[in-house]
Amino acid sequence: MVSNLPKLDEINVLASEAHWAWPEALRNIFKPRGVNLLVAQSVGQFVNIIEKKRIHTTIVDMDSEQSNGLATVRIIRMDYPALPCILLARGANEAMLGKALQLDVFGVIDKPVDMNVLREVLNRLFLKKYGSDVFAE
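Below you will find a few notes about this structure.

## Observations regarding the packing of helix α2 (residues 43–52) against helix α3 (residues 69–79)
Across the interface, α2 lies against α3 with an axial gap of 10 Å and an inter-helix angle of 30 degrees. If you check the angle between α2 and α3, you find them roughly parallel. The two elements α2 and α3 meet at a crossing, and its hand is right-handed. Along the contact surface, α2 presents Val43, Phe46, Val47 and Ile50, while α3 presents Thr72, Ile75 and Ile76.

Structure representation (structure tokens):
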């Protein structure tokens, strides 16, 4: 399969900071694949990082203490409408899923996050958006 991505060491995923083992769990998925993980602690940091680096997808925690996940996605959409976003949420309800759909969120994953589900969603996203199987088993 032909990939639209640059070399693997140039794939960047931006995720919300969390007060649990989340960043370390992500690194366990990303590092063996040569994917760079960047972590933002606030909406301002999300925007700042996106302005400075090419980001291939974002993973936004709906329940982050620093920012509301949907508000973060809404702000990202203002300047980067095509940037794929994955939303993490605990007990997502129909109203929240509707808002995520309106914001063109690629996927919503229930928390606690099953890392196999996350990898599968990332695999579908990267195949669809970039023609890359970097997250395939």
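## Brief notes about the layout of surface pockets
Of the voids in this model, the largest pocket is the one considered here, and its volume is about 170 Å³. Looking at the largest pocket, the residues that line it are Arg77, Ala82, Leu83, Pro84, Cys85, Asp104, Val105, Phe106, Leu125, Lys128 and Lys129. For the lining of the largest pocket, the leading source of residues is helix α5 (residues 115–130), giving three residues. Taken together, the residues of the lining of the largest pocket sort by class into seven nonpolar, no polar and four charged.

## Overview of the packing of aromatic side chains
For the structure on display, the rule yields three aromatic pairs. A centroid spacing of 5.2 Å and a plane angle of 45 degrees characterise the contact between Phe126 and Tyr130, whose relative ring orientation is tilted. Of this pair, Phe126 and Tyr130 both sit in helix α5, four residues apart, which is roughly one turn of the helix. Exposure class is identical for Phe126 and Tyr130. Each is buried. Taken together, the ring pairs in this structure connect Phe30, Phe126, Tyr130 and Phe135 into an aromatic cluster.

## Some remarks on α2
Within the span of α2, buried status applies to Val43, Phe46, Ile49 and Ile50. In a view along the axis of α2, the buried residues occupy a sector of 130 degrees, so they form one face of it. Exposed side of α2, more than 90 degrees from the buried face: Glu51 and Lys52 are the residues found there. On its buried side, α2 packs onto β1 (11–16), β2 (35–40), β3 (57–61) and α3.

## Re the side chain of Arg33
Within the secondary structure, Arg33 is located in the loop between α1 (22–30) and β2. One buried charge, Arg33, has no salt-bridge partner; the nearest side chain with opposite charge is Glu137, at 4.2 Å. Looking at Arg33, its side chain comes within polar contact range of the main-chain oxygen of Val134, at 2.9 Å.

## A closer look at the nonpolar core
With 23 residues, the main nonpolar core has Trp22, Leu26, Phe30, Ile59, Leu118, Phe126 and Phe135 as its most contacted residues. Listed by contribution, the elements that provide at least two residues to this core are β1, α1, β2, β4 (85–89) and α5. Apart from residues lying up to four places away in sequence, Phe30 is in contact with Val13, Val35, Leu37, Ile59, Leu122 and Phe135. Listed in part, the 20 residues of the second largest apolar core include Leu14, Ala40, Met62 and Leu83.

## Structural notes on the pattern of salt bridges
For the coordinates displayed, the defined rule picks out two salt bridges. Salt-bridge contacts for Asp61 lead to Lys111; the nearest nitrogen and oxygen are separated by 2.8 Å. Here Asp61, found in strand β3, pairs with Lys111, found in the loop between β5 (107–110) and α5; they are 50 residues apart in sequence, far enough to count as distant. The exposure class of Asp61 is buried, given its relative accessible area of 4%. For the salt bridge of Arg119 with Glu137, the shortest nitrogen-to-oxygen distance reads 3.7 Å. With Arg119 in helix α5 and Glu137 in the segment after α5, this residue pair connects regions lying 18 residues apart in the sequence. Arg119 sits in the buried class, given a relative accessible area of 11%.

Analysis parameters
- Residues numbered from 1 in each chain as written.
- Predicted model: local features only at pLDDT ≥ 70, side-chain atom pairs only at ≥ 80, totals over all residues.
- Heavy atoms only, no water.
- Axes fitted to C-alpha atoms, helices over the stretch in contact; angles between N-to-C directions.
- Helix = DSSP H or I, 4+ residues; strand = E, 2+ residues; numbered from the N terminus.
- Parallel < 35°, antiparallel > 145°, perpendicular 65-115°, else oblique.
- Left-handed = near helix turned anticlockwise from the far one by under 90°.
- Contact = heavy atoms within 4.5 Å.
- 1 Å grid on protein atoms, 1.4 Å probe; cavity = no way out; pocket = protein on both sides within 12 Å on 5 of 7 lines; lining within 4 Å.
- Points joined across faces, edges and corners; volume = space filled by probe spheres on them.
- Nonpolar A, V, L, I, M, F, W, Y, C, P; charged D, E, K, R; others polar.
- Phe/Tyr/Trp six-rings, centres within 6.5 Å; stacked < 30°, edge-to-face > 60°.
- Buried < 20%, exposed > 50% of the residue type's maximum accessible area, 1.4 Å probe, protein only.
- Arc of directions from axis to C-beta.
- Lys, Arg positive; Asp, Glu negative; His and termini not counted.
- Salt bridge = Lys/Arg side-chain N within 4 Å of Asp/Glu carboxyl O.
- Polar contact = N/O pair within 3.5 Å; in protein donor to acceptor, adjacent residues only side chain to side chain.
- Core = buried A, V, L, I, M, F, W, Y, C linked by side-chain atoms within 4.5 Å.

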